[in-house]
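Single-letter residue listing:
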There are 2 protein chains.
Amino acid sequence: MDQISASRAESSEKLVYRFGDGKADGTREMKKLLGGKGANLAEMALLGLPVPPGFTITTEVCTAFYKNAHAYPAGLSQAVEEGIAHIETVTGKTFGDAVDPLLVSVRSGARASMPGMMDTVLNLGLNDESVTGLAALTGDERFAYDSYRRFIQMYANVVLQMDHSFFEDILEECKRDRGVHLDTELTAMDWRTVINGYKGAVRNHLGTEFPHDPREQLWGATDAVFRSWMNDRSRTYRRLNRIPEDWGTAVNIQAMVFGNMGETSATGVAFTRNPSNGENQIYGEFLKNAQGEDVVAGIRTPSNLTKRSRIEMGSDAPSLEECMPETYQELIGFFERLESHYRDMQDIEFTVQEGKLWLLQTRTGKRTAKAAIKIATDLCKEGIISMEEAVMRVEPESLDQLLHPSLAPSEKNVLLTRGLPASPGAAAGSVVFTADEAEEVARDGTKIILVRDDTSPEDIHGMHAAAGIVTARGGMTSHAAVVARGMGRACVSGAGEIRFAPDRKSFTVGSAVIKKGDIITIDGSTGEVFLGEIPTIPPEMSEEFETLMNWADSLRRMGIRANAETPVDARRARAFGAEGIGLCRTEHMFFDPERILAVQEMILAETQEDRTTSLSRLLDMQRLDFYELFLVMKSYPVTIRLLDPPLHEFLPQADDDIRAVARASGVDISIVYQRIKDLNEVNPMLGHRGCRLGVTYPDIYEMQVRAILEAACDTVEKTGVSIAPEIMIPLVSVKEELTMLKARIDDIAAQVFAARGRMLDYHVGTMIELPRAALVADQIAEEAEFFSFGTNDLTQTTFGLSRDDAGAFLPAYQKAKVMPEDPFVTLDRDGVGTLMRIAAEKGRATRRSIKLGLCGEHGGDPRSIDFCEMIGLDYVSCSPYRVPVARLAAAQAAIKGST
Amino acid sequence: MDQISASRAESSEKLVYRFGDGKADGTREMKKLLGGKGANLAEMALLGLPVPPGFTITTEVCTAFYKNAHAYPAGLSQAVEEGIAHIETVTGKTFGDAVDPLLVSVRSGARASMPGMMDTVLNLGLNDESVTGLAALTGDERFAYDSYRRFIQMYANVVLQMDHSFFEDILEECKRDRGVHLDTELTAMDWRTVINGYKGAVRNHLGTEFPHDPREQLWGATDAVFRSWMNDRSRTYRRLNRIPEDWGTAVNIQAMVFGNMGETSATGVAFTRNPSNGENQIYGEFLKNAQGEDVVAGIRTPSNLTKRSRIEMGSDAPSLEECMPETYQELIGFFERLESHYRDMQDIEFTVQEGKLWLLQTRTGKRTAKAAIKIATDLCKEGIISMEEAVMRVEPESLDQLLHPSLAPSEKNVLLTRGLPASPGAAAGSVVFTADEAEEVARDGTKIILVRDDTSPEDIHGMHAAAGIVTARGGMTSHAAVVARGMGRACVSGAGEIRFAPDRKSFTVGSAVIKKGDIITIDGSTGEVFLGEIPTIPPEMSEEFETLMNWADSLRRMGIRANAETPVDARRARAFGAEGIGLCRTEHMFFDPERILAVQEMILAETQEDRTTSLSRLLDMQRLDFYELFLVMKSYPVTIRLLDPPLHEFLPQADDDIRAVARASGVDISIVYQRIKDLNEVNPMLGHRGCRLGVTYPDIYEMQVRAILEAACDTVEKTGVSIAPEIMIPLVSVKEELTMLKARIDDIAAQVFAARGRMLDYHVGTMIELPRAALVADQIAEEAEFFSFGTNDLTQTTFGLSRDDAGAFLPAYQKAKVMPEDPFVTLDRDGVGTLMRIAAEKGRATRRSIKLGLCGEHGGDPRSIDFCEMIGLDYVSCSPYRVPVARLAAAQAAIKGST
């Protein structure tokens with residue numbers, strides 16, 4: 001108790017947390033305060049791992065910064081000084097010293113990883129004096145001045161807001177002067193010339209000198225990192241990843257170590273297991289004589305960490321295992337310690353400075369869905385985590401990746417080029433070359449492949465819009481690869497044969513020219529890029545997937561059903577593990593081109609006789625529909641919703657079509673026009689539909705009920721399996737609707753059973769999709785044996801928001817954060833959810849055993865499923881492809897609910 | 001306690017209640033069980049008044065009859081026998097006796113009066129034997145056989161379901177044979193011929209003899225009366241008058257007395273005060289030598305009861321006061337006893353049989369609104385009832401009659417004819433001649449006047465559809481007059497100069513010919529009928545009206561406001577007693593023909609500059625609108641709702657209009673078409689409207705807020721009166737909408753106040769018109785200073801029911817009793833009401849002092865107002881004409897709430 005209050009008091013007072021030299025003020029539990037990076041640096045220090053010393057400015061400082069008009073809390077200045085003093089003590093170096101200068105990095109570090117979104121400044125502390133100390137100390141003047149010019153360039157860009165181009169032009173000019181092509185060909189003297197040019201550019205552009213004082217540099221960089229929390233790309237990323245704005249970022253200030261101090265230095269990133277397929281093999285990349293950012297930025301293609309992966313990749317560049325075997329062994333040891341300490345696959349950054357290994361970061365590694373499943377099931381089998389933990393480790397939404405089709409193998413596919421398998425899955429689409437183009441072209445639903453040299457955080461919106469991404473440069477951990485995996489987009493990275501035309505309107509691979517708008521197909525699981533569109537085949541589920549799903553099934557309480565009308569969909573739903581059909585939309589059966597005429601004739605019928613004829617044709621079709629569905633579903637429950645949409649939806653709008661309907665149905669065209677006019681509605685969503693049709697056109701519902709029950713009898717006679725159809729009445733708002741329609745259903749049932757000489761169980765229930773139905777659910781439950789929440793319509797009516805019309809303002813609402821979530825994607829708990837809770841409680845109060853389900857599109861959304869578990873629904877029903885997502889989400893919800 | 005249980009036990013066992021001879025089993029408190037008529041007969045018997053003896057079969061028998069497939073409870077037969085024995089004992093006559101036969105009437109009697117809706121059989125007990133006894137006993141053979149033929153005719157019609165025409169034809173034939181024109185010219189022998197004809201008609205038509213056995217007759221009639229509870233006209237009447245079906249009717253079986261036994265016999269109806277204007281004067285009519293039904297049916301025009309009214313009416317026929325002075329004095333005495341006993345004006349039926357006065361019925365008399373007010377205030381002033389009782393005595397809905405315009409006096413009005421002032425108010429419209437025509441023509445809003453010889457219960461739907469009713473025959477208490485007063489329709493009855501053309505497509509008065517479709521104007525307060533359409537003038541309120549309204553105001557808790565936009569409406573609202581404007585719909589101001597162009601230009605503007613220009617023109621107009629409104633309303637609150645409808649409502653639909661708009665606004669027509677297309681919505685009700693416009697087109701709301709606050713400043717400067725405008729945001733569903741818009745309003749306010757050098761109070765609140773707003777009212781109340789329930793839209797969204805489209809199925813719903821009430825007329829308590837209750841509770845939980853009002857059309861509906869009182873709203877707002885209704889309803893709700 002005392003400890004907790006002490007730590008609480010501390011957390012709101014202490015502004016800076018130190019780490020390094022086997023000690024730390026913080027722990028990994030303090031992510032909220034120190035950010036992920038800061039907490040893990042502290043933890044690694046506590047574990048005795050080699051972490052360059054440093055300190056973390058807390059996220060609370062960030063929050064205060066934004067609350068108080070960009071002013072820092074009192075005491076921060078003093079605390080930072082103590083932090084610097086701590087680094088100086090551990091390293092024995094002095095900040096800004098001309099002889100043995102301490103250089104630091106200044107990095108962001110939020111509670112959730114936001115890779116590349118915020119700013120970083122490296123080599124801070126260099127100036128005209130300390131650069132000479134660095135040169136003397138390292139004996140490498142070229143390295144020192146290269147570091148200094150990198151620092152100026154980065155600082156000017158990040159802190160002083162100057163464009164990269166100022167500095168690139170100066171560098172290019174220098175290389176031209178010297179007649180060289182590569183940076184590495186420039187000498188120390190050349191770098192000094194470049195540095196003078198850089199400083200001149202700052203002077204010309206800003207009218208002031210580049211800051212010389214290390215402390216001024218430090219505060220400038222700190223300020224820039226805090227400010228970058230609110231830059232556009234961070235905000236976009238947070239919106240996409242649902243990270244709250246008020247979390248804030250920490251700032252980590254840490255002694256620099258250098259991977260670019262020659263051939264005994266290196267920098268790299270590694271995953272303790274394969275993040276693409278989950279195999280228990282170390283997986284990573286490194287660059288010799290480079291700074292860490294070089295790997296992540298994808299500017300040079302890095303080498304493999306292990307010999308095994310080098311061989312697998314067919315690379316000639318020696319692996320770390322081969323060229324630095326001792327360092328490699330030490331690294332492997334650290335990996336094992338970190339993975340078993342964190343009990344999960346780690347994503348680790350390291351630097352080797354002149355043979356000495358430093359760890360710069362560890363965090364739980366991002367992974368593909370496939371890898372997540374493999375790692376979770378492996379860790380469970382290895383006894384490291386429990387079955388519940390394994391199930392909680394996989395993001396349900398991510399399963400979606402696994403369920404998308406892959407390319408059909410064929411001899412005829414024309415391989416264009418090959419890159420790295422950066423993010424699994426296959427995608428075909430029109431080529432575009434910029435993120436803006438991507439967003440624009442994709443707006444109308446066109447599938448596009450974004451082809452780039454490499455990607456940067458500015459490209460996120462385009463990657464989001466794309467079906468797949470190809471980059472010419474960069475490795476498996478490049479920006480493009482990491483982001484694509486996170487988004488579940490197929491990605492091929494480092495396809496080095498690609499050459500862009502100067503106008504960026506086409507690219508070539510050898511003699512092939514691909515122009516904007518041409519179709520290509522990519523396979524992110526193999527790294528292949530093909531010409532044209534290639535057919536796809538359904539995904540194959542891995543053994544681990546089945547294992548995890550079985551665990552999920554054993555842990556979940558709710559049933560999972562699918563929304564399906566056709567035998568094909570029903571079989572797919574069963575294959576994905578659906579335990580029934582939660583919503584069979586009978587109107588979908590009517591829209592079939594062969595059926596629609598009979599439906600139209602029924603609507604246009606001028607005599608009861610004509611109407612009865614049309615209905616009896618529909619009866620035969622519907623009976624077969626239901627029979628086929630029952631055959632697939634066997635004894636699994638099937639909930640069939642009677643006709644829902646307004647009748648005008650079945651009549652054509654265009655004059656040509658109207659003529660065709662009149663001809664086909666033998667009705668005078670003026671009558672068709674008149675009927676269309678009569679049926680026209682101002683607000684069809686709130687109109688003559690659902691059970692209102694059942695009340696006013698009783699013969700339609702009677703036909704459907706007869707078809708259901710006759711089909712059920714047929715199925716029982718054919719298979720001997722016992723069947724109890726669930727007949728669902730849509731759009732009920734008053735109990736009396738159900739009373740009347742249920743009585744009619746019972747009548748038809750009695751007729752069918754008498755004619756067939758057989759009695760079957762059947763259940764009559766209702767959609768709860770209008771606010772009033774939820775509010776009077778106690779009354780409705782007197783008639784209804786089950787409720788199914790139709791959350792699409794319930795959302796529309798609760799918000800007074802037409803899904804068809806919301807496009808005119810919902811984007812503005814989301815942008816202005818008036819309505820940050822799209823309520824049609826994720827269930828609105830406060831409004832719609834409250835109605836559901838009321839309905840569940842009232843329904844059960846009347847009929848304790850009433851079956852409660854959900855069949856809106858929210859049935860496939862994990863956060864909505866979580867809510868369904870909270871209010872104790874019996875099942876959710878979603879599209880067949882979302883069934884595995886729903887199974888896993890339901891299991892996680894149950895686990896959360898029971899702890 | 002024992003008494004109560006005893007009476008309960010009794011009420012569910014005892015099937016028959018006797019009365020007569022100064023004793024009775026029942027009392028007037030037992031209306032539920034005995035019906036109104038039965039309870040009052042019992043009460044009169046207990047008071048010692050001369051009531052023919054009889055008994056009442058309870059309403060519970062009726063309920064059981066319908067529950068048990070038209071079977072009677074065990075024991076009824078025995079109880080009826082005892083009842084008959086009771087009548088025989090008191091009268092000394094014997095049922096079916098050939099010498100001194102007991103004749104009875106069999107009448108319905110429901111808990112609420114349903115005049116003329118159900119069936120009656122008189123003179124029951126006559127047959128070929130007993131008719132001779134009657135003849136001998138009365139010494140009037142003609143009377144006896146006339147009674148017998150009347151009985152056969154009535155019984156055959158009511159019980160045996162034979163059409164009137166069978167009997168009319170036989171009677172006509174007999175008169176032709178005898179060469180006479182009037183029934184009174186036929187002799188006893190003629191009647192015997194007619195009777196033989198009647199019996200033959202029954203035999204031919206039904207294949208059986210007319211029943212001879214009085215007991216068979218009795219059960220046949222009883223059965224018919226119970227069955228008439230469910231006939232079409234009873235059901236229509238109950239629906240219109242909201243009488244529950246399960247109340248059932250009682251059946252009253254009572255000894256016959258005869259008003260048609262010669263010149264010392266008479267029959268009449270009377271009101272203890274004037275039912276038309278409420279004056280404390282006896283008011284009634286009688287017919288000498290007639291049966292009671294003759295007066296009510298309006299077949300002969302009756303004479304006045306008092307000399308005074310005879311003179312007033314300009315009649316020559318002697319009054320009862322003059323021709324039977326002793327009977328008249330006795331009657332007056334009974335009237336006084338009954339009125340002071342019942343503490344209200346009574347409607348009494350009486351019969352004089354050979355000089356002996358009998359009372360057949362007393363009940364609280366129906367009256368016009370004007371009379372109700374006069375009687376209630378008089379009774380209070382006379383010390384008979386309290387102020388609260390007086391306020392409860394007037395049906396709020398009925399005030400509507402008083403508030404309609406009357407005819408402008410003019411020399412030029414062409415008087416067509418004159419009848420009786422049967423129901424007050426003036427109305428003009430197209431002439432129709434049948435109830436079906438009336439309903440059909442009125443469907444599109446055409447005002448019609450129904451002109452009939454007389455009306456019958458079959459005509460109710462046509463009377464309901466009519467603006468006014470004229471009858472050629474019948475008195476002030478005829479069917480037409482009673483029903484028209486109840487419905488608040490203007491009615492002139494007994495306009496005896498009217499002659500109908502044989503084809504019933506025109507009528508004449510003298511030489512004037514009025515055809516179907518011609519326009520006439522009637523004044524139901526004077527009985528005048530005019531040619532053509534006559535202008536009307538606003539109603540003038542009586543002194544008693546003001547008195548009652550003042551009492552109501554002193555008793556009510558809720559405030560009453562009006563929905564008004566124009567100074568004219570605002571002044572009318574004030575005149576009717578509104579205490580503020582609860583809803584000023586700013587869009588109504590935009591639809592003004594002079595404004596709409598500026599609105600259209602604003603919508604069509606291609607540049608921000610054009611848009612700003614249009615908005616600034618609108619600003620000037622709106623500022624003046626609000627200024628004028630504030631000047632009228634002075635310090636009374638004015639709630640102004642910012643723009644609500646979707647913008648497409650301001651753009652034209654027809655090609656011609658679109659061309660005109662393009663021309664007028666100087667915009668290319670293709671742009672107008674494009675903009676119309678862009679703004680088109682699938683479900684406008686759920687679309688881009690209300691505060692969604694405010695969020696996406698901020699300049700519109702900013703213009704409106706500026707106009708409101710500048711106008712408020714202008715008003716304060718002009719009048720010195722302090723003003724605090726209430727700015728209302730429509731269609732809020734999430735709190736953040738209000739947060740954003742309120743911040744903008746506060747900004748504009750700061751700007752206006754700075755520019756004007758003046759600070760004003762203003763309040764920002766919201767409509768609660770979406771289910772979600774009600775459900776998260778606690779959140780919304782963090783921003784909103786007031787809520788106004790927009791129950792029109794709240795009803796649409798709660799039911800998922802578009803008001804514009806409900807016409808396709810709502811009538812079927814009401815007919816099938818799926819939704820017996822139109823939820824747009826009377827607030828749905830279970831659904832919409834539950835949301836209101838939730839919102840009121842949650843709103844107050846956040847902001848204790850939050851002001852709660854209602855501004856939907858339910859604000860003028862008494863039953864909805866009653867609910868508003870129950871949930872403690874602060875005010876309701878309704879159309880100006882409904883303000884008095886709302887004031888009275890609010891007072892009644894408060895009285896009910898406090899008892």
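Residues numbered from 1 in each chain as written. Chains lettered and ligands numbered in written order. Predicted model: local features only at pLDDT ≥ 70, side-chain atom pairs only at ≥ 80, totals over all residues. Heavy atoms only, no water.

Under an unreviewed UniProt entry, chain A has the name Pyruvate, phosphate dikinase and belongs to Aquisalinus flavus. Word for word, the UniProt comment on chain A under Function (unreviewed entry) is "Catalyzes the reversible phosphorylation of pyruvate and phosphate." We quote the UniProt Sequence similarities (unreviewed entry) comment for chain A here in full: "Belongs to the PEP-utilizing enzyme family." (UniProt positions renumbered as here; feature names shortened; annotations may be inferred.)

Engineer: Go over the overall build of chain A with me, naming the residues and quoting the values.
Structural biologist: Counting its regular elements, chain A contains 37 helices and 34 strands. For chain A, the C-alpha radius of gyration of 32 Å lies close to 29 Å, the compact-globule estimate for 899 residues. Referenced to the eigenvectors of the C-alpha coordinate spread, the extents of chain A come out at roughly 105 × 75 × 50 Å. Considering only intrachain contacts with a sequence separation of at least 6, the fraction spanning at least 24 residues in chain A is 68%. Counting 98 positive and 130 negative side-chain charges, chain A places the centres of these two groups 2 Å from one another. (Helix = DSSP H or I, 4+ residues; strand = E, 2+ residues; numbered from the N terminus. Rg over C-alpha atoms; globule rule 2.2 N^0.38 Å. Contact = heavy atoms within 4.5 Å. Lys, Arg positive; Asp, Glu negative; His and termini not counted. Charge placed at Lys NZ, Arg CZ, Asp CG, Glu CD.)

Engineer: With reference to specific residues and values, describe the interface of chain B and chain A.
Structural biologist: Interface size is commonly expressed as the accessible area that is lost once the parts come together. Each partner contributes to the interface: chain B provides 46 residues, whereas chain A provides 46 residues. Here chain B packs against chain A, burying approximately 3800 Å² in sum over the two surfaces, 63% of which is carbon and sulfur. In this structure, Arg772 of chain A and Asp828 of chain B form a salt bridge, with 2.6 Å as the shortest nitrogen-oxygen distance. Seen at the junction of chain B and chain A, the total is 22 residue pairs in polar contact (both at pLDDT 80 or more). Elements with a contribution of two residues or more to the side of chain B that touches chain A: helix H28 (691-696), helix H30 (735-756), helix H31 (771-775), helix H33 (791-799), helix H34 (810-815) and helix H35 (829-846) of chain B. Here the side of chain B that touches chain A gets five residues from one element, more than from any other, and that element is H35 of chain B. When its residues are assigned to classes, the side of chain B that touches chain A shows 23 nonpolar, 13 polar and ten charged. (Buried area = accessible area lost by both parts, 1.4 Å probe. Salt bridge = Lys/Arg side-chain N within 4 Å of Asp/Glu carboxyl O. Polar contact = N/O pair within 3.5 Å; in protein donor to acceptor, adjacent residues only side chain to side chain. Nonpolar A, V, L, I, M, F, W, Y, C, P; charged D, E, K, R; others polar.)

Engineer: Pulling in residues and values, what's your account of the UniProt feature "active site" (unreviewed entry) in chain A?
Structural biologist: All names here are of chain A. Sequence positions flagged by UniProt for "active site" (unreviewed entry) are, in local numbering, His479 and Cys855. Of the residues just listed, which span 377 residues, the most distant C-alpha pair is 38.1 Å apart, and they do not cluster in one region. Tracing the chain through its elements places Cys855 in the loop between strand S33 (851-854) and helix H36 (862-870). Each residue touching Cys855, except ones within four places of it in the same chain, is listed here: Asn563, Gly582, Leu583, Met728, Met767, Ser788, Phe789 and Ser877.

Engineer: Could you give an account of H33 of chain B, with specific residues and numbers?
Structural biologist: Residues and elements named next belong to chain B. Summarising burial for H33: nine of the nine residues are buried, a large majority. Looking only at H33, the buried set comprises Thr791, Asn792, Asp793, Leu794, Thr795, Gln796, Thr797, Thr798 and Phe799. Positive backbone phi, at 60 degrees, marks Gly800, one or two positions downstream of H33. (Buried < 20%, exposed > 50% of the residue type's maximum accessible area, 1.4 Å probe, protein only.)

Engineer: Would you mind going over the sheet that holds strand S22 (residues 506-509) of chain B in detail, with residue names and values included?
Structural biologist: Residue and element names in this part refer to chain B. Taken together, the three strands give an open sheet; going across it, the order is S21-S22-S23, and neighbouring strands pair in antiparallel fashion. With partners counted over all chains shown, the strands left at the sheet margins are strand S21 (499-500) and strand S23 (512-515), one partner each. Relative to S23, S22 is paired through four bridges, and the arrangement is antiparallel. Each bridged residue has a counterpart across the sheet, and for Phe507 the counterpart in S23 is Ile514. (Pairing = 2+ DSSP bridges.)

Engineer: Go over the relation of the copies chain B and chain A with me, naming the residues and quoting the values.
Structural biologist: Its rotation angle being 180 degrees, the transformation that places chain B on chain A also includes 0.0 Å of axial translation and leaves an RMSD of 0.2 Å. Seen this way, the second copy is the image of the first under a two-fold rotation axis. Residues of chain B ranked by C-alpha distance from the rotation axis are headed by Asn683 of chain B, positioned 2.1 Å from it. A shared binding surface is used by both copies, with 100% of the interface residues of chain B retained as interface residues in chain A. (Least-squares fit on C-alpha atoms with pLDDT ≥ 70 in both.)

Engineer: Give me the lowdown on a negative patch on the surface, citing residues and values where you can.
Structural biologist: A cluster of like negative charges, contributed by Asp163, Glu168, Asp169, Glu173 and Asp177 of chain A, occupies part of the molecular surface. Its location among the elements puts Asp163 of chain A in the loop between helix H6 (141-158) and helix H7 (164-178). (Patch = residues over 30% accessible without salt bridge, like charges linked within 9 Å, V, L, I, M, F, W, Y side chains within 5 Å. Areas by Shrake-Rupley, 256 points an atom, 1.4 Å probe, with all protein chains shown as cover.)

Engineer: Can you break down the confidence of the model for chain A residue by residue, with the values?
Structural biologist: The predicted structure's coordinates, where accompanied by low pLDDT, should not be read in detail. Residue and element names in this part refer to chain A. Chain-level pLDDT for chain A is 91 on average; 96% of the residues reach the 70-or-more range. The low-confidence segment residues 1-11, where pLDDT is below 50, has four contacts with residues more than four positions distant or belonging to other chains. Across the interface, the model reports ipTM at 0.78; the global pTM reads 0.79. (pLDDT = per-residue confidence, 0-100.)

Engineer: Can you explain empty space enclosed by the protein? Please cite residues and give values.
Structural biologist: All names here are of chain B. Under the criterion given, the structure shown has five cavities of 30 Å³ or more. Approximately 170 Å³ is the volume found for the largest cavity. As for the largest cavity, its lining consists of 19 residues, and the residues nearest its centre are Arg107, Val257, Gly292, Thr351 and Leu360. Of all the secondary-structure elements, those providing two or more residues to the lining of the largest cavity are strand S6 (104-110), strand S8 (249-255), strand S9 (266-271), helix H11 (292-297) and strand S12 (346-353). Classifying every residue of the lining of the largest cavity by side-chain character gives eight nonpolar, eight polar and three charged. (1 Å grid on protein atoms, 1.4 Å probe; cavity = no way out; pocket = protein on both sides within 12 Å on 5 of 7 lines; lining within 4 Å. Points joined across faces, edges and corners; volume = space filled by probe spheres on them.)

Engineer: Which residues make up the UniProt feature "binding site: substrate" (unreviewed entry) in chain A, and what values go with them?
Structural biologist: All names here are of chain A. The UniProt record marks Arg585, Arg641, Glu769, Gly790, Thr791, Asn792 and Asp793 with the feature "binding site: substrate" (unreviewed entry), using the residue numbering of this structure. The topology assignment puts Arg641 in strand S29 (residues 638-641). Owing to a relative accessible area of 7%, Arg641 belongs among the buried residues under this scheme. Discounting chain neighbours no more than four positions away, the residues touching Arg641 are Leu583, Cys584, Arg585, Thr586, Glu587, Met728, Pro730 and Met767. Inspection of the secondary structure puts Thr791 in helix H33 (residues 791-799). Taking relative accessible area as the criterion, Thr791 reaches 0% and is therefore assigned buried.

Engineer: Explain the domain arrangement of chain A residue by residue, including any values.
Structural biologist: Partitioning chain A into domains gives domain 1 (2-255), domain 2 (266-367), domain 3 (405-537) and domain 4 (556-646 + 681-898). Distance between the C-alpha centres of domain 1 of chain A and domain 4 of chain A: 57 Å. (Domains from an automatic or database assignment.)

Engineer: Give a detailed account of the pairing of strand S1 (residues 16-20) of chain A, specifying residues and quantitative values.
Structural biologist: Residues and elements named next belong to chain A. Counting buried residues along S1, four of its five residues qualify, which places the element largely inside the surrounding structure. Of the strand pairs in this sheet, S1 and strand S2 (residues 23-24) are connected by two bridges, and their pairing is antiparallel. Each residue of the ladder has a partner; that of Phe19, found in S2, is Ala24. The turn linking S1 back onto S2 is made up of two residues, and Asp21 within it adopts a positive phi angle of 65 degrees.

Engineer: Which residues make up helix H29 (residues 698-719) of chain B, and what are the values?
Structural biologist: With 22 residues, H29 of chain B extends 32 Å between its outermost C-alpha atoms, agreeing within 8% with the 32 Å of an ideal straight helix rising 1.5 Å per residue. Downstream of H29 of chain B by a residue or two, Gly720 of chain B has a phi angle that is positive, lying close to 75 degrees. (Expected span 1.5 Å × (residues − 1).)

Engineer: Before we move on, could you go through the side chain of Arg489 of chain A and cite the residues and values that matter?
Structural biologist: All names here are of chain A. Residue position: Arg489 is located in the loop between helix H20 (479-487) and strand S20 (490-493). Within the structure, Arg489 has its side chain in polar contact with the backbone oxygen of His464 (distance 2.9 Å). Among the polar contacts made by the side chain of Arg489, one reaches the main-chain carbonyl oxygen of Ala466 at a distance of 2.8 Å. Each residue touching Arg489, except ones within four places of it in the same chain, is listed here: Ser423, Pro424, Met463, His464, Ala466, Ala467, Ile469 and Ala484.

Engineer: Kindly report on the sheet that holds strand S16 (residues 420-423) of chain A, identifying the contributing residues and their values.
Structural biologist: All names here are of chain A. Judged by pairing direction, the sheet is mixed, and its eight strands sit side by side in the order S15-S25-S24-S17-S18-S19-S20-S16 without closing on themselves. On the outer flanks of this sheet lie strand S15 (415-418) and S16, each paired with one strand and no other. Taken over all neighbouring pairs, the strand axes of this sheet differ in orientation by 30 degrees on average, direction set aside. Direction of pairing for S15 relative to strand S25 (residues 528-531): antiparallel, over a ladder of three bridges. The residue bridging Arg418 from the neighbouring strand is Glu528, located in S25. (Axes fitted to C-alpha atoms, helices over the stretch in contact; angles between N-to-C directions.)

Engineer: Give me the environment of Phe258 of chain A: which residues, what numbers.
Structural biologist: All names here are of chain A. You can see Phe258 is positioned in the loop between strand S8 (249-255) and strand S9 (266-271). For Phe258, a relative accessible area of 5% translates into the label buried. Sequence separation of Phe258 and Asn123 is 135 residues, and the distance between their C-alpha atoms is 9.2 Å.

Engineer: An account of the packing of aromatic side chains is needed here, citing residue identities and associated values.
Structural biologist: Residues and elements named next belong to chain A. Using the criterion set out here, one finds 32 aromatic pairs over all chains in the structure. Measuring from ring centre to ring centre gives 5.0 Å for Phe143 and Phe258, while their planes differ by 85 degrees; the resulting arrangement is edge-to-face. Taken together, the residues span a long stretch of sequence, with Phe143 in helix H6 and Phe258 in the loop between S8 and S9 at a distance of 115 residues. Each member of the aromatic cluster is reached from another via a ring pair, and the members are Phe65, Tyr66, Tyr72, Trp219 and Phe226. Here the basic side chain of Arg238 rests over the ring of Trp229, its NZ or CZ set 3.9 Å away from the ring centre. (Phe/Tyr/Trp six-rings, centres within 6.5 Å; stacked < 30°, edge-to-face > 60°. Lys NZ or Arg CZ within 6 Å of the ring centre and 35° of its normal.)

Engineer: I'd like a rundown of the nonpolar core, residues and numbers included.
Structural biologist: Counting residues in hydrophobic clusters, the biggest one holds 282 residues, and the most contacted among them are Met836 of chain A together with Met836 of chain B. Every residue in contact with Met836 of chain B, bar those within four places of it in the chain, is listed here: Phe789, Thr791, Leu794, Leu827, Leu854, Phe867, Cys868, Ile871 and Leu873 of chain B. (Core = buried A, V, L, I, M, F, W, Y, C linked by side-chain atoms within 4.5 Å.)

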